[in-house]
Amino acid sequence: MSYPKGILLRQSFSEKLLAWWDHHGRKDLPWQQNKTSYRVWVSEIMLQQTQVTTVIPYFERFMATFPSVQDLANAQEDKVLHLWTGLGYYSRARNLHKAARLVAEKFEGNFPTDLDTMQELPGVGRSTAGAVLSISQDQQTAIMDGNVKRVLSRYLAIKDWPGTPSVTKQLWSVAERYTPKTRNADYTQAIMDLGATVCKRSKPICSICPFQTDCKANLEGLTQIIPASKPKKDKPSKQTWMLMIQLADGRTELQKRPATGIWASLYSFPEFDSEESLRDFVATRYGDQTLQVWQSFRHTFSHYHLDITPVLLRLDHETISEANAIWYNPTLADEEVGLAAPVKKLISKLKF
Ligand code: SF4
């Protein structure tokens, strides 16, 4: 592996970064207090694809409900998904729950202490395993989250998209080379903080960065084009019609979705692939009814757009429903089920 001329040696890089962090880094985040592998692991999973400010209240609720990995392992999946509602990427919550059960059963409640075993946990890849071992156990393990990719790509002026396999390999090699032998937990927190607060995606504040005189992207005026964006593919779009059956007392029918696929194990309205099939269903089951067709809106997943048309049917009283269905009461705080974000939004708009 060859490195561009002029980049800092490990010691200089980590010393500069730690000196900056000692003065400017974040040290009062909830998962930085009472640091255990369990708390750090939960925070790292929540922080994947999600901003710190969004995560904080979710993390605090999660810890208040499941203070230990054993509590999480003992929980019902619906309750875990309920506490995740609104945070998105629900496979994270399902994997968190499965991993807690594995830690409780296979490892007798103790988190793994080496990188390979840590990666046996569902939802834990090389970077998350490295972050947990580094932050909670001060091990010399590297990480490669979005912040680190951005800082190192700019620092080295790597113009290709960081997700390209050869670039990913190069970034890991540099990350491992720079990860210090001591104060590793602080270093890991520091590089994440630098990426989140200084080396920001759209407007890096190079004038206050500890690397302003060594960073190649800054010296060569390339910060706006590095890191390169992921090459765009046109996303396909799909359509769905959601039937919102609402009773006079405000309850609404929700069905539990299959354990695999989008919104797996979450609760959603009954769905149809056309307005015609929805109307046929209503006519067959409930006879002649008035339906209110709401404005369609788009929900975007990582791999496609979903155009949703909500259709409201008001009924006077409860009727037979599917085995996987519940009559959900949005006014009861103890309705502990996970809801997909668009479903939660629609429920909040239902008046009664
Ligand atoms: S000098 Fe600017 S671009 Fe380079 S690491 Fe610092 S903030 Fe990022």
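Keep in mind the model is a prediction, meaning the values are calculated, not measured.

A.B. asks: Looking at this model, I keep getting lost on empty space enclosed by the protein. Mind explaining?
C.D. replies: Where empty space is left can be seen by rolling a probe of water-molecule size over the atoms. Using the criterion set out here, one finds 2 cavities of 30 Å³ or more in the structure. Taken as a whole, the largest cavity holds about 120 Å³ of empty space. Lining the largest cavity are 15 residues, with C199, C206, C209, F211 and C215 sitting closest to its centre. Looking at the lining of the largest cavity, its residues break down into 11 nonpolar, 3 polar and 1 charged. One number sums up the size of the second largest cavity: a volume of about 50 Å³. Lining the second largest cavity are T141, A142, I143, V148, L152, A175, T179, Y187, T188 and I191.

A.B. asks: Would you take a moment to explain the nonpolar core for this structure?
C.D. replies: Most often, soluble globular proteins have nonpolar side chains that are buried together. Of all hydrophobic cores here, the largest spans 97 residues; its most connected members are Y38, W41, F62 and L152. Sorting elements by how many residues they give to this core places helix α2 (residues 37-47) first, with 7 residues. Viewed by domain, this core spans two of them, domain 1 (10-219) and domain 2 (237-349), each represented by three or more residues.

A.B. asks: Would you mind showing me how to read the packing of helix α3 (residues 52-65) against helix α5 (residues 77-84) here?
C.D. replies: When two helices pack together, their arrangement is captured by the angle between the axes and the distance separating the axes. Where α3 contacts α5, the two axes come as close as 9 Å, and the packing angle between them is 155°. When the axes of α3 and α5 are compared, the pair comes out roughly antiparallel. Contacts from Y58, R61, F62 and T65 of α3 reach α5 at K79, V80, L83 and W84. Among the residues forming the contact of α3 with α5, the class breakdown is 5 nonpolar, 1 polar and 2 charged.

A.B. asks: Explain the layout of surface pockets to me, please; I cannot follow it from the model alone.
C.D. replies: Roughly 1,600 Å³ of volume is contained in the largest pocket. Taken together, 42 residues form the lining of the largest pocket, with Q48, Q49, T50, D145 and G146 sitting closest to its centre. At the level of secondary structure, the elements contributing two or more residues to the lining of the largest pocket comprise α2, α3, α8 (126-137), α9 (146-156) and α11 (184-197). Volume-wise, the second largest pocket comes out at about 370 Å³. Counting residues per element, the ones that place at least two in the lining of the second largest pocket are α6 (91-106), β6 (297-300) and α14 (341-349). Per-class residue counts for the lining of the second largest pocket are 10 nonpolar, 8 polar and 1 charged. Split by domain, the lining of the second largest pocket shows at least three residues from each of two domains, domain 1 (10-219) and domain 2 (237-349).

A.B. asks: What is the right way to read the packing of aromatic side chains from this model?
C.D. replies: One pair of aromatic rings is described through two measures. These are the centre distance and the angle between the planes. If you walk through the whole model with that rule in mind, you get 14 aromatic pairs. Both rings, one in F13 and one in Y155, keep their centres 5.2 Å apart while their planes meet at 75°; by these two values the pair is edge-to-face. Of this pair, F13 sits in helix α1 (residues 10-24) while Y155 sits in helix α9, and the two are 142 residues apart along the sequence. When its relative accessible area of 0% is taken as the criterion, F13 is described as buried. Since its relative accessible area comes to 1%, Y155 is described here as buried.

A.B. asks: Looking at this model, I keep getting lost on the site of the ligand. Mind explaining?
C.D. replies: Around the ligand sit R154, V198, C199, P204, C206, C209, Q212, C215, N218 and T223, and that is every residue in its neighbourhood. When atoms are counted within 2 Å of each cavity's grid points, the one that captures over half of the ligand is the largest cavity. Residues of the shell around the ligand, tallied by class, amount to 6 nonpolar, 3 polar and 1 charged.

A.B. asks: Help me understand the pattern of salt bridges, please; the structure alone is not making it clear to me.
C.D. replies: Where charged atoms from two side chains of opposite charge come close, those side chains can pair. The full count for this structure, using the stated rule, is 12 salt bridges. One salt bridge connects R26 with D193, and the closest N-O pair in it is separated by 3.0 Å. With R26 in the loop between α1 and α2 and D193 in helix α11, this residue pair connects regions lying 167 residues apart in the sequence. Linked by salt bridges that have partners in common, D22, R183 and D186 make up one network.

A.B. asks: I keep staring at unusual backbone geometry and nothing clicks. Help me out?
C.D. replies: With the exception of glycine, most residues fall at negative phi, and the peptide bonds are largely trans. The omega angle of the peptide bond from I226 to P227 is 0°, so this bond is cis rather than trans. Looking at where P227 falls in the secondary structure, it is placed in the loop between α12 (216-219) and β1 (237-247). Even without a glycine there, the phi angle at E108 is positive, about 50°. Among the secondary structure elements, E108 is positioned in the loop between α6 and α7 (115-118). Positive phi outside glycine occurs at A157, with the angle close to 55°.

A.B. asks: Any chance you could explain α3 here in plain terms?
C.D. replies: Residues three or four positions apart in an α-helix share a direction because the helix packs 3.6 residues into each turn. Taking 1.5 Å of rise per residue, 14 residues should cover 20 Å, and α3 covers 20 Å from first to last C-alpha, within 8% of that figure. Of all the residues in α3, the buried ones are V52, V55, Y58, F59, F62 and M63. Those residues of α3 that are buried lie in contact with α2, α4 (69-74), α5 and α6.

Conventions and cut-offs
Residues numbered from 1 in each chain as written. Predicted model: local features only at pLDDT ≥ 70, side-chain atom pairs only at ≥ 80, totals over all residues. Heavy atoms only, no water. 1 Å grid on protein atoms, 1.4 Å probe; cavity = no way out; pocket = protein on both sides within 12 Å on 5 of 7 lines; lining within 4 Å. Points joined across faces, edges and corners; volume = space filled by probe spheres on them. Nonpolar A, V, L, I, M, F, W, Y, C, P; charged D, E, K, R; others polar. Core = buried A, V, L, I, M, F, W, Y, C linked by side-chain atoms within 4.5 Å. Buried < 20%, exposed > 50% of the residue type's maximum accessible area, 1.4 Å probe, protein only. Helix = DSSP H or I, 4+ residues; strand = E, 2+ residues; numbered from the N terminus. Domains from an automatic or database assignment. Axes fitted to C-alpha atoms, helices over the stretch in contact; angles between N-to-C directions. Parallel < 35°, antiparallel > 145°, perpendicular 65-115°, else oblique. Contact = heavy atoms within 4.5 Å. Phe/Tyr/Trp six-rings, centres within 6.5 Å; stacked < 30°, edge-to-face > 60°. Near = heavy atom within 4 Å. Sits in = over half its atoms within 2 Å of the grid points. Salt bridge = Lys/Arg side-chain N within 4 Å of Asp/Glu carboxyl O. Expected span 1.5 Å × (residues − 1).

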